[in-house]
Amino acid sequence: MYRIGYSLSPKEVHSFIQNSLLDHAKQRGINLIEIDPTKPLTQQGPFDCIIHKHYGSDWNNQLHQLSLDHPNVVVIDPPQAIEHLHNRVSMLDAVTSLKIPQGNQTFGVPKQRVLDEAENLMDSIEELGLKFPLIAKPVSVDGSAKSHEMFLVFNENGLKKLKLKKPIMMQEFVNHGGVIFKVYVVGDHVKCVKRSSLPDICEETLNSVAEHEGFLLFSKISNLIAKNDEAEGGSSDEVDEYCYGVEKLVEKAEMPPLEFVMELAKGLREAMGLKLFNFDLIRDSRDGNRYFVIDINYFPGYVNMPEYESVFVDFFCDVVQEKRKKNNDGEVEFDAKKNHHEEEELCE
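What you see is a predicted model; the values in this text were computed from it and never measured.

> I'm lost on the overall build of the protein chain in this one. Help?
Along the protein chain, the regular secondary structure elements total 12 helices and 14 strands. Among the 348 residues that make up the protein chain, the fraction classed as buried is 44%. Contacts in the protein chain between residues at least 24 apart in sequence constitute 70% of all its contacts with a sequence separation of at least 6. Surface summary for the protein chain: the accessible area is close to 19,200 Å², and the carbon and sulfur share equals 49%.

Set out below in structure tokens:
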């Protein structure tokens, strides 16, 4: 049996470590073992591989010490690589510098800018030529609820009333047909699923938003529906009809070309040095071949990925087989050096 240690938050353990995953893993000779956070890591194991989603200097130091004491243990992923995703500026750097083979498809990042404490919001927006609506979000991504708070800002008044603590990221909202593509990456394994997103915002809608309001907090499309329903006195039947329309919109949406998604995932994996992440991809409503990466998350909610159990077990098998191959190659190299040394002694 190969031993895979995992160190995750209680919430992530509850969602990710399902009996279906444990059973599937055991059938392939893999044992998933929870790491005890109250004990030193070097006193636990032995492990063939460790997956984790813990942060902080103490945990990073423990991983570093483990790598020194047991260099054959595969740590997924390196803390310094994960840290790039804790900042909404550096997380998308990999996208802007990416060079991948592509057909008719192009990709990039929406126009965006970080606003610091001393800056006047409106002056900065005009200077950059950013256009409303804008998405405002915290620069720091620390896993807290606050770091995932986002606002859809419709006009200047909304910008002035924004309650987010600076620095904040202002990103131009791109109409994308109300559909977002979530691309899950697990090593070489890639799965793309489509989900509902915020609807397109036309000029008429933008102009009709109440001047005294100006912005809207959102995390899911249901927030937007609830807000509209309350403001306009809409009935529950109308909301149900809207939700049904959204479902149909997602159902009819064409998936991005598989080869394009695979190349993009591979490019990001290599550029970031990460094996476990997902990224949010949207398609420009004005150009069906133009795509934008708007967010990247480390070790996301994989339970929402279809057949996540078999994908992860295949990934674990890939990891241990690669490790075994390296060990065998090392033994062959050691034997070759040993034989060469013995031959030199015989010659002498």
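> Explain the pairing of strand 9 (residues 168-172) here, please?
Across a regular strand the side chains alternate sides, sitting on one face of the sheet and then on the other. Among the 5 residues that make up strand 9, 5 are buried, leaving the element largely enclosed by the rest of the structure. Both faces of strand 9 are covered, namely the face carrying Ile168, Met170 and Glu172 and the face carrying Met169 and Gln171. Examined bridge by bridge, strand 7 (residues 134-138) and strand 9 share 5 bridges and lie antiparallel to one another. Considered in strand 9, the bridge of alanine 136 is made with methionine 170.

> What is the right way to look at helix 11 (residues 258-272) in this model?
Residues spaced three or four apart along an α-helix face the same direction, because each turn holds 3.6 residues. Compared with the 21 Å implied by 1.5 Å per residue over 15 residues, the 21 Å span of helix 11 between its first and last C-alpha is a close match. What helix 11 keeps buried is the set Phe260, Val261, Leu264, Ala265, Gly267, Leu268, Arg269 and Met272. Looking at the residues trailing helix 11, positive phi occurs at glycine 273, about 70°.

> Could you clarify how one ought to interpret the sheet that holds strand 2 (residues 30-34) in this entry?
Hydrogen bonding along the main chain pairs the strands of a sheet, whether they run parallel or antiparallel. Taken in spatial order, the 4 strands line up as 2-1-3-4 in an open sheet, and their pairing is parallel. Two strands bound the open sheet, and with one partner strand each, they are strand 2 and strand 4 (74-76). Averaged over all neighbouring strand pairs, the angle between strand axes comes to 20°, with direction disregarded. Looking at chain direction, strand 1 (residues 2-7) and strand 2 are connected through 5 bridges and run parallel. Each bridged residue has a counterpart across the sheet, and for glycine 5 the counterpart in strand 2 is isoleucine 33. Along the sheet, helix 3 (residues 57-69) contacts strand 1, strand 3 (49-52) and strand 4; its crossing angle with strand 3, the most-contacted strand, is approximately 170°.

> So what exactly am I meant to see when it comes to the side chain of aspartate 48 here?
With respect to the helices and strands, aspartate 48 occurs in the loop between strand 2 and strand 3. A relative accessible area of 16% places aspartate 48 in the buried class. Residues in contact with aspartate 48, not counting those within four places in the same chain, are Tyr2, Arg3, Asn72, Val73, Val74, Val320 and Lys323.

> Which parts of the structure should I look at to understand the pairing of strand 3?
Residues Cys49 and Ile51 point to one face of strand 3 and Ile50 and His52 to the other, with burial holding for every one of them. When strand 1 meets strand 3, the two strands line up parallel, connected through 4 bridges. From the neighbouring strand, isoleucine 4 faces strand 3, where its bridge partner is cysteine 49. Pairing of strand 3 with strand 4, which is carried by 3 bridges, proceeds in the parallel orientation. From the neighbouring strand, isoleucine 51 faces strand 4, where its bridge partner is isoleucine 76. At this point the chain moves from strand 3, through helix 3, to the parallel strand 4, and the crossover so formed is right-handed.

> How should the nonpolar core be read in this particular structure?
If you look at the biggest cluster of nonpolar residues, it comprises 62 residues, and the most contacted ones within it are Phe16, Leu276, Phe279, Ile296, Tyr302 and Phe312. Counting residues in each nonpolar core, the second largest holds 14 residues, with Ala136, Val153, Ile168 and Met170 among its members.

> Looking at this model, I keep getting lost on the environment of valine 261. Mind explaining?
Along the chain, valine 261 falls in helix 11. Each C-alpha atom, one on valine 261 and one on lysine 191, is 8.9 Å from the other, the two residues being 70 residues apart in sequence. If sequence neighbours within four positions are ignored, valine 261 has contacts with Val183, Val190, Cys192 and Pro256.

> Can you walk me through unusual backbone geometry in this structure?
Peptide bonds are trans in most cases, and residues, glycine excluded, mostly fall at negative phi. In this model, glycine 45 is joined to proline 46 through a cis peptide bond whose omega is 5°. Locating proline 46 in the fold gives a position in the loop between strand 2 and strand 3. In the segment running from phenylalanine 132 into proline 133, the intervening peptide bond is cis, with an omega of 0°. In this structure, proline 133 sits in the loop between helix 6 (121-128) and strand 7. Positive phi, close to 40°, is recorded for phenylalanine 299, a residue that is not glycine. As for its position among the elements, phenylalanine 299 is in the loop between strand 14 (290-298) and helix 12 (308-347). Even without glycine at this site, glutamate 307 takes up a positive phi of about 55°.

Here is what the cut-offs are and how they apply
- Residues numbered from 1 in each chain as written.
- Predicted model: local features only at pLDDT ≥ 70, side-chain atom pairs only at ≥ 80, totals over all residues.
- Heavy atoms only, no water.
- Helix = DSSP H or I, 4+ residues; strand = E, 2+ residues; numbered from the N terminus.
- Buried < 20%, exposed > 50% of the residue type's maximum accessible area, 1.4 Å probe, protein only.
- Contact = heavy atoms within 4.5 Å.
- Areas by Shrake-Rupley, 256 points an atom, 1.4 Å probe, with all protein chains shown as cover.
- Pairing = 2+ DSSP bridges.
- Expected span 1.5 Å × (residues − 1).
- Axes fitted to C-alpha atoms, helices over the stretch in contact; angles between N-to-C directions.
- Right-handed = clockwise from strand over helix to strand, strands pointing away.
- Core = buried A, V, L, I, M, F, W, Y, C linked by side-chain atoms within 4.5 Å.

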